[in-house]
Amino acid sequence: MAEAADFIYLDYAASTPVDPRVVEAMFSLLSADGNHANPSSTHVGGRRAVECIAHAAEQLAQLLNTKPARLIWTSGATESDNLAIVGAARHREHRGKHLITMRTEHKAVTDVFEALARQGFEVSWLEPGPDGVLAADALEDAIREDTQLVSIMHVNNETGVVQNIERIGEACREHGVVFHVDAAQSVGKLPVDLSALPVDLMSMTAHKMYGPKGIGALYIADRPGVGVEPQLFGGGQQRRLRPGTQPTHQIAGFGQAAAIARESMQQDFEHLRRLRERLWAGIAHIPGVVVNGSLEAGFPGILNVSVEDIEGESLLLALEPLCVATGSACNSKSQEPSYVLRALGRSDALAQSAIRFSIGRRTTTTEIDLAIRKYSDAVTRLRGIAPEQAG
Amino acid sequence: MSGDPYSERVRDLFASPAHAGNLEDAVSIFVSDQGVRLFLCAQCENDRIMALRFRAWGCPHVIAAAEAFCDEFEGRQVRDLLEFSSSGLMQSLPVPVEKTGRILVLEDAVRALGTSLRDSR
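Residues numbered from 1 in each chain as written. Chains lettered and ligands numbered in written order. Predicted model: local features only at pLDDT ≥ 70, side-chain atom pairs only at ≥ 80, totals over all residues.

Caption draft 1: Examining helix α1 (residues 8-15) of chain B more closely. Every buried residue belonging to α1(B) is among B:V10, B:L13 and B:F14, and all of these are buried. What you see down the axis of α1(B) is that its buried residues fit within an arc of 100 degrees, all on one side. At its buried positions, α1(B) is contacted by α8 (312-318) of chain A together with α2 (60-73) of chain B. (Buried ≥ 20, exposed ≤ 12 C-beta atoms within 10 Å, placed from the backbone. Helix = DSSP H or I, 4+ residues; strand = E, 2+ residues; numbered from the N terminus. Arc of directions from axis to C-beta. Contact = placed C-beta atoms within 7 Å.)

Spelled out as structure tokens, the structure:
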């Protein structure tokens, strides 16, 4: 097992280290002296666990400017996406079976829509522009009378491209369509005001914002026509929408991470912006390097770059000990070029050379400078080994 | 299970490919297939291979396999190239089964180099 000093971690979009204050909040609940009781129990221990969960819900609700009662705890963003999309599609299938999403969504969304398509729903797949952004009229053109659900992510996990969820949500409201947002990459990093945003369902997860893995949440707006059919059965917890014993320590960790994010979001954002500018300035001069997505429309925690005439797997190995990604971590064992980058119009070769640098709260300028040097050296070395003949 | 797709040997060969490069006055071959581009060149005296070099565009296993081949076959006979099989490299590196096709590109290139060397005499 590698020690922390053995590598430079630039994969914060895949997962973040748990903040020590979050660890402390969780650890205090696990021991015999903590609130370890089952929150479904009615005895004093159970009631104290319920209080912990209520406190965490309040912390997360404050981050999102919503009410704690609108939040359902899940195991993570994948489960939230499944519950939101399948649950809403089933909730409204008596009205129609047309659904809309984008080609560039996370697999936790695209695979759900593909499953629904096999079950008789009709899915429209919207294409982004070359910068990854959904064109203003693309959604309007796709919405039909029988459209029930639109699902568009906030920040793309591979490119960092930020979609205008306010404008998309307004179009959905205008047509009476439920709007789901996969916000796994944005909650805790960008301002999300659910009292103002026209969003009906929002998926989020703790481990992308310095909380623990294994805990997520789904926001469900209190609006007529908005609801989800449960996907799990087995108890009455969480209004039967997501039964199962609630993991008090995980939830408390998520709540603490949300409270920290609320305090440090602006400072974190400026830190990421400065470091991404430094990283891009350091590698932009390398011949053939291009940004995937858009610097202007991108969340500064992510810089995804491709480089001409370099084999991606060799580049990734040559970059060690940098921990970076070739695409989404969920997909990185695949040799296939990223479907997200292909949807942006990248060739197979260019998509296959893509490296996603993702920066976090703990990233230093020294680490960015090392990343610049490693990337530059790796490209030079691999080009030096490659045949001169064009393939 | 470590989850590391690369053996120590593959890592070493990939990190320090001593035979990457060109040779003057050499017989060479270039192949492009299966997403791999491979250039091999050799200098011979009589039937003995005095020096081998390669250039490769491909995954780490391809680069490691090309380096391992060059290291192993310097000093051998040209006829050994004509009979070259990649199965030994596949096992010794080792190379994952899904990359068999890429290593067969190396096998084809080695045999083609052997044919060119034989015909050039």
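Anyway, onward from the coordinates.
Caption draft 2: Broad picture of the interface of chain B and chain A. Contacts between the two partners involve 16 residues from chain B, matched on the other side by 9 residues from chain A. Counting only elements with at least two residues in the side of chain B that touches chain A, the list comes to β1 (27-33), β2 (36-45), β3 (48-57) and α2 of chain B. Considered class by class, the residues forming the side of chain B that touches chain A number 12 nonpolar, 2 polar and 2 charged. (Nonpolar A, V, L, I, M, F, W, Y, C, P; charged D, E, K, R; others polar.)

Caption draft 3: How the structure looks around the domain arrangement of chain A. All names here are of chain A. The domains assigned to chain A are domain 1 (4-15 + 265-383) and domain 2 (20-260). Counting residues at the interface gives 25 residues for domain 1 and 25 residues for domain 2. Considering each element in turn, the side of domain 1 that touches domain 2 owes the most residues, 3 residues, to helix α9 (residues 339-343). Residues belonging to the side of domain 1 that touches domain 2 are distributed by class as follows: 10 nonpolar, 12 polar and 3 charged. (Domains from an automatic or database assignment.)

Caption draft 4: Summary view of helix α2 (residues 44-64) of chain A. All names here are of chain A. Given a rise of 1.5 Å per residue, 21 residues ought to cover 30 Å, and the 30 Å separating the end C-alpha atoms of α2 matches this to within 8%. Within α2, burial applies to A49, C52, I53, A56, A57, Q59, L60, A61, L63 and L64. Buried-residue contacts for α2 involve α1 (20-30), β2 (71-74), β8 (216-220) and α7 (248-283). Directly beyond the C-terminal end of α2, a positive phi value near 55 degrees is found at N65. (Expected span 1.5 Å × (residues − 1).)

Caption draft 5: Summary view of the packing of α1(A) against α7(A). Residues and elements named next belong to chain A. Axis separation between α1 and α7 bottoms out at 8 Å; the angle between their running directions is 155 degrees. Relative to α7, the element α1 is oriented roughly antiparallel. Judged by the twist between their axes, the crossing of α1 over α7 is right-handed. Contact residues: α1 offers R21, V22, A25, M26, L29 and L30, while α7 offers T248, H249, A252, G253, Q256, A257 and I260. Taken together, the residues of the contact of α1 with α7 break down into 8 nonpolar, 4 polar and 1 charged. (Axes fitted to C-alpha atoms, helices over the stretch in contact; angles between N-to-C directions. Parallel < 35°, antiparallel > 145°, perpendicular 65-115°, else oblique. Left-handed = near helix turned anticlockwise from the far one by under 90°.)

Caption draft 6: Main features of the environment of A:G188. All names here are of chain A. When you line up the elements, G188 lands in the loop between β6 (178-182) and β7 (201-205). G188 gets classed as buried once you count the C-beta atoms within 10 Å, which come to 27. C-alpha separation for the pair G188 and A259, spaced 71 residues apart in sequence, amounts to 9.0 Å. Those residues in contact with G188 that sit more than four places away from it in its chain are L63, M209, A257, A258 and A261.

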